Structures are given as C-alpha cells and as structure tokens.
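Understanding the architecture of this molecule
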Amino acid sequence: MSTISRREFLKYSAATAASAGLLSAGALELCANPLGLPIGCQTWPVRQMIAKDFPGTIKQLADAGFQSIELCSPVGYADSGFAGLAKYTGAELRKILADAGVTCISAHFGIDELRKDQPGRIAWAKEVGLKQMIVPSLSGPKNPTMDDVKRAADEYFKMGELAAMSGIQQGLHNEDFELSMVDGKRTYDLLLGLLDPKFVQFQFQVSTISQGYDAAEYFTKYLGSFFSMHVQGWSSQTKKIMPVGQDTLDWKKIFTAAKTAGIQNYFVEMNLDMMKASVPYLRALQV
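Now for a quick tour of the structure. (Residues numbered from 1 in each chain as written. Predicted model: local features only at pLDDT ≥ 70, side-chain atom pairs only at ≥ 80, totals over all residues. Heavy atoms only, no water.)

With that out of the way, let us pick up the overall build of the protein chain. Helix and strand counts for the protein chain come out as ten helices and twelve strands. Across the 287 residues that make up the protein chain, the buried fraction comes to 55%. Within the protein chain, contacts between residues separated by at least 24 positions form 80% of all contacts whose residues are at least 6 apart in sequence. For the protein chain, the accessible area works out to roughly 12000 Å², and carbon and sulfur atoms hold 52% of it. (Helix = DSSP H or I, 4+ residues; strand = E, 2+ residues; numbered from the N terminus. Buried < 20%, exposed > 50% of the residue type's maximum accessible area, 1.4 Å probe, protein only. Contact = heavy atoms within 4.5 Å. Areas by Shrake-Rupley, 256 points an atom, 1.4 Å probe, with all protein chains shown as cover.)

As a further point, take the side chain of glutamine 42. Relative to the helices and strands, glutamine 42 resides in strand E1 (residues 40-42). Residue glutamine 42 is classed as buried on the basis of its relative accessible area of 0%. A polar contact is formed between the side chain of glutamine 42 and the backbone nitrogen of tryptophan 44, at a distance of 2.7 Å. (Polar contact = N/O pair within 3.5 Å; in protein donor to acceptor, adjacent residues only side chain to side chain.)

What follows is about the sheet that holds strand E3 (residues 103-108). Taken together, eight strands build a closed barrel; the order of strands is E1-E2-E3-E4-E5-E8-E9-E12 and the barrel is parallel. Taking each pair of neighbouring strands and ignoring which way they run, the sheet shows an average axis angle of 30°. Across four bridges, the pairing between strand E2 (residues 68-72) and E3 is parallel. Across the sheet, residue glutamate 70 finds its bridge partner in E3, namely serine 106. Across the sheet, helix H5 (residues 111-128) is in contact with E2, strand E4 (132-135) and strand E5 (169-172); its angle to E4 comes to roughly 155°. Against the sheet, helix H9 (residues 251-261) contacts strand E9 (226-231) and strand E12 (265-268), and its axis sits at roughly 155° relative to E9. (Pairing = 2+ DSSP bridges. Axes fitted to C-alpha atoms, helices over the stretch in contact; angles between N-to-C directions.)

The subject of this paragraph is the packing of helix H3 (residues 54-63) against helix H4 (residues 90-100). Working note: a packed helix pair is described by the angle between its axes plus the distance between those axes. At a closest axis distance of 9 Å, the pairing of H3 and H4 adopts a crossing angle of 35°. Judged by the sense of rotation from one axis to the other, the crossing of H3 with H4 is right-handed. Along the contact surface, H3 presents Phe54, Pro55, Ile58, Lys59 and Ala62, while H4 presents Leu93, Ile96, Leu97 and Ala100. Tallied by class, residues from the contact of H3 with H4 come to eight nonpolar, no polar and one charged. (Left-handed = near helix turned anticlockwise from the far one by under 90°. Nonpolar A, V, L, I, M, F, W, Y, C, P; charged D, E, K, R; others polar.)

Residue position: glutamate 113 is located in helix H5. The class of glutamate 113 is buried, set by a relative accessible area of 6%. At a separation of 3.0 Å, a polar atom in the side chain of glutamate 113 contacts the main-chain amide nitrogen of glycine 76. Discounting chain neighbours no more than four positions away, the residues touching glutamate 113 are Ser73, Val75, Gly76, Gln118 and Arg121.

This is how it looks when you write it as structure tokens:
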C-alpha cells in the first residue's frame, strides 16, 4: 500500500463534511486536551492560502481553534507556497503569529537547504523564535543498503550537534526514505537506533499506519526518541484519511502512549475542512 504523503492528503478533501464549523479562538482554554498542550496544525495543507495571504490564513487557523502552528521554511519550500515568508523579518513573523493568538516553535526544513547553509537556516529559525527544526526525510535512495543508512545517519547526527549548539533541537519526520527496507528491517527503526536522541528527536507521521507503522507502538518501544507527531485520522474500512475522531484509530491509546513518551507538541495535518472537523474531538479527548 502506498504511503500517504502530504501531497496526497488533499485528494481526500471530498471525504469529509465541513460540519464542525469554526470555533472562536478566544473561547478556547489556555491548554487543550488530551496532552495539556495547545492544539496545533501543520501549515502544509494550507500552503496555497499562505502564498496569497499569510496573516489572513493564520487568523483563519486561529479562528478554527488552533493554538499552535508548524511552519515550512521559505527556502526549502519556496516552490510550495512558502516563498513569501522570506519577505518578513523574524520579528515581523512573530508579531503576525502573536497578533493571531498562536504560538510557533517548530518548522520543517528540506535536507538540501541544511546541506547548503545550515548555519544560515539556524539563524533564521532563531529569529522566528523556533525551538525545533524538522526534516521531512533524509532523502536517501529508494532501495538503500545498510551503508546508505549509516551515511545518512552520520550526516544528520552532525547537523543535530550543530543545531544543539545554538539551542535548537533537530528532528526527523518519516517519509519516503525512512519507510524503505534494508535486509528485511525498516530503515526507520535502523535510524532510531543509530541517531542519538540527545541531538536528533523524531516526529511521527500517524498516517503511516497505512503501511503498518503504529504510533503507540513506536512511542512505547523507543521511549525518549519522540518529541512530536503529525496527526491524521485513518479509516481501516475505507483506507482513507478522515477527521480525527471520525475514523477507526484508537486515539486514547495513541495519546496515552504519546504522553508516556514525552511528546512536546502535535500538529493536525490534513485538508482544511478535516483539520477544522478534528478540533472538537481533540478538545474533548482526555487521557
């Protein structure tokens, strides 16, 4: 079964009804259930809106009930709608976010932009107020050898060390290369064993359940290695992305494991209607 990547999320737009409506950000509690953390969302699904009106898009996300957002780098994601963020200074970005009533300590960066100028990207991250710099994939070969995995891990470990010197936690998502196999073993598991969690933490993509990657199992097995997750509902019947709480996943189990693992933030990442429809369930869920 193929991986459910960000680029595939939008094709499931018709699968949900936008019945949840918008929630007033002012009516939200300071801390949201189920982890006592702000309900967050990734901005990738609304990249086209961001390209047209960044402040307005952030305000709309806040009005929908999101209290924290995760950005994408204007360098690594320039061709995906985020190039316009470069016109703002770090202080201006922080003000736009603060004016909308949301926080932002995390963003995604392409591995290539870090290879070209990691110090420069760290400087931008600090200007914006980020604490976490996450790479979606190490972009290794489709059919890697163990040496390929070790080389990728060694390179990213050094990036993690450099980021730590500046007070930034480097993170790794799980897409593409990370979901490959090496000699019957998952590349993702090999990377979890090779990368020191002191310098590289992991962000789990819940929708990889479509390929058998269970979030609760990973949080429990690799305690201390995960600090974040991307949240998508998934229906085992239809094999499609669904709003959280309208799907078949055991979210109480997932968030209980996430709490034990020390997850620091989580970001809903689906099309906008599905993200909005997920907020009421997340606000009510307790673990």
